[in-house]
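# Remarks on the overall topology
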Amino acid sequence: MEQIQNNMQKYENYREQMGRLKKALGAGFYLEAIFIEYAIIEDRLESVLRHAGKWKEPKLNEQPMSLQKKKNKIEKMAEEKKSLANKYFSDDTLNRIIDWKNQRNALIHQLLKQDLHTEELQGLAGQGRLLVKEISNKTKLFNRALERNSEK
């Protein structure tokens, strides 16, 4: 019963953030959109690892697993040619996510030090939106395929 409540809460949180993302993009709040996109991407990669049984909860004083480490773990899983991870994550999506994250980090760290233009933020937010959609779809397909395989 608790797992069902957790899943329902997760679904509601995800739905809420997707709504906020849409509003942020529509209103031109690109920094907020980028922040939400990053959080969704982090969550989707964690979901892949959880469903694959490769997730370990960080201990109380431990740093959470970075986006880069999540990406590396999924890539490692995808190295096995006949694996579901290979089917869904052997393309360049994970590398494009890291490229986007690096652009985001550079922008965030230089936010008050550079000549920042709305078009740059808009472009990064738009790129993030596409990556969110892509990784969300891949994650959903991968997790469902794992569930189907475990039912057999």
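From a predicted model like this one, the values you see are computed outputs, not experimental measurements.

On to the overall build of the protein chain, then. Scanning the protein chain from terminus to terminus reveals six helices and zero strands. Across its three principal axes, the protein chain shows a C-alpha extent of roughly 55 × 35 × 35 Å. Taken over 152 residues, the protein chain has a buried fraction of 34%. Partitioning the contacts of the protein chain with sequence separation of at least 6, the portion at a separation of at least 24 is 72%. Accessible surface for the protein chain amounts to roughly 10300 Å². Of this, 51% is attributable to carbon and sulfur atoms. Taken together, the 29 basic and 22 acidic charged side chains of the protein chain have centroids lying 4 Å from each other.

Time to look at the environment of Leu 121. Inspection of the secondary structure puts Leu 121 in helix 6 (residues 118-151). Once the C-alpha coordinates of Leu 121 and Tyr 30 are considered, the two residues, 91 residues apart in sequence, prove to be 5.8 Å apart. With residues up to four places along the chain from it excluded, the contact list for Leu 121 reads Tyr 30, Leu 31, Ile 34, Leu 107 and Leu 116.

With that out of the way, let us pick up the pattern of salt bridges. Evaluation of the coordinates by the stated rule reveals 13 salt bridges. Residue Glu 12 is joined to Arg 15 by a salt bridge in which the shortest nitrogen-to-oxygen separation is 3.0 Å. Taken together, the residues span about one helical turn, with Glu 12 and Arg 15 both in helix 1 (residues 2-27) at a distance of three residues. Residue classification places Glu 12 among the partly exposed positions, given a relative accessible area of 34%.

As a further point, take helix 2 (residues 30-51). Over its 22 residues, helix 2 runs 31 Å from end to end, which matches the ideal 32 Å to within 8%, given 1.5 Å per residue. Judged by how many residues are buried, helix 2 sits mostly within the fold: 16 of 22 residues are covered. Downstream of helix 2 by one or two residues, Gly 53 has phi in the positive range, about 75°.

Of all hydrophobic cores here, the largest spans 34 residues; its most connected members are Ile 41 and Phe 89. Where this core is concerned, the elements lending two or more residues are helix 1, helix 2, helix 3 (67-78), helix 4 (84-89), helix 5 (93-109) and helix 6. When residues in this core are grouped by element, the largest group, 10 residues, is from helix 2. In this structure, Phe 89 is in contact with Val 48, Ile 74, Ala 78, Leu 94, Ile 135, Lys 138, Thr 139 and Phe 142, ignoring residues within four places of it in sequence.

This brings us to helix 5. Taking 1.5 Å of rise per residue, the 17 residues of helix 5 would be expected to cover 24 Å, and the 24 Å separating its terminal C-alpha atoms lies within 8% of that figure. Those residues of helix 5 that sit buried are Thr 93, Leu 94, Ile 97, Ile 98, Trp 100, Lys 101, Arg 104 and Leu 107. Looking at the buried side of helix 5, the elements it contacts are helix 2, helix 3, helix 4 and helix 6.

The next point concerns the packing of helix 3 against helix 5. Running from N to C, helix 3 and helix 5 cross one another at 170°; their axes reach a closest spacing of 10 Å. Considering the angle they form, helix 3 stands roughly antiparallel to helix 5. Residues Leu 67, Gln 68, Lys 71, Ile 74 and Glu 75 of helix 3 form the contact with helix 5, whose participating residues are Leu 94, Asn 95, Ile 97, Ile 98 and Lys 101. Of the residues contributing to the contact of helix 3 with helix 5, the split by class is five nonpolar, two polar and three charged.

Moving on, we come to the packing of aromatic side chains. With the rule as written, the count across this model stands at two aromatic pairs. Both rings, one in Tyr 88 and one in Phe 142, keep their centres 6.3 Å apart while their planes meet at 80°; by these two values the pair is edge-to-face. Here the residue Tyr 88 occupies a position in helix 4, and Phe 142 occupies one in helix 6, the gap between them amounting to 54 residues. Accessibility assignment for this pair places Tyr 88 and Phe 142 in one class, buried. Between Phe 89 and Phe 142, the ring centres sit 5.4 Å apart and the planes meet at 70°, which makes this aromatic pair edge-to-face.

About the criteria used
- Residues numbered from 1 in each chain as written.
- Predicted model: local features only at pLDDT ≥ 70, side-chain atom pairs only at ≥ 80, totals over all residues.
- Heavy atoms only, no water.
- Helix = DSSP H or I, 4+ residues; strand = E, 2+ residues; numbered from the N terminus.
- Buried < 20%, exposed > 50% of the residue type's maximum accessible area, 1.4 Å probe, protein only.
- Contact = heavy atoms within 4.5 Å.
- Areas by Shrake-Rupley, 256 points an atom, 1.4 Å probe, with all protein chains shown as cover.
- Lys, Arg positive; Asp, Glu negative; His and termini not counted.
- Charge placed at Lys NZ, Arg CZ, Asp CG, Glu CD.
- Salt bridge = Lys/Arg side-chain N within 4 Å of Asp/Glu carboxyl O.
- Expected span 1.5 Å × (residues − 1).
- Core = buried A, V, L, I, M, F, W, Y, C linked by side-chain atoms within 4.5 Å.
- Axes fitted to C-alpha atoms, helices over the stretch in contact; angles between N-to-C directions.
- Parallel < 35°, antiparallel > 145°, perpendicular 65-115°, else oblique.
- Nonpolar A, V, L, I, M, F, W, Y, C, P; charged D, E, K, R; others polar.
- Phe/Tyr/Trp six-rings, centres within 6.5 Å; stacked < 30°, edge-to-face > 60°.

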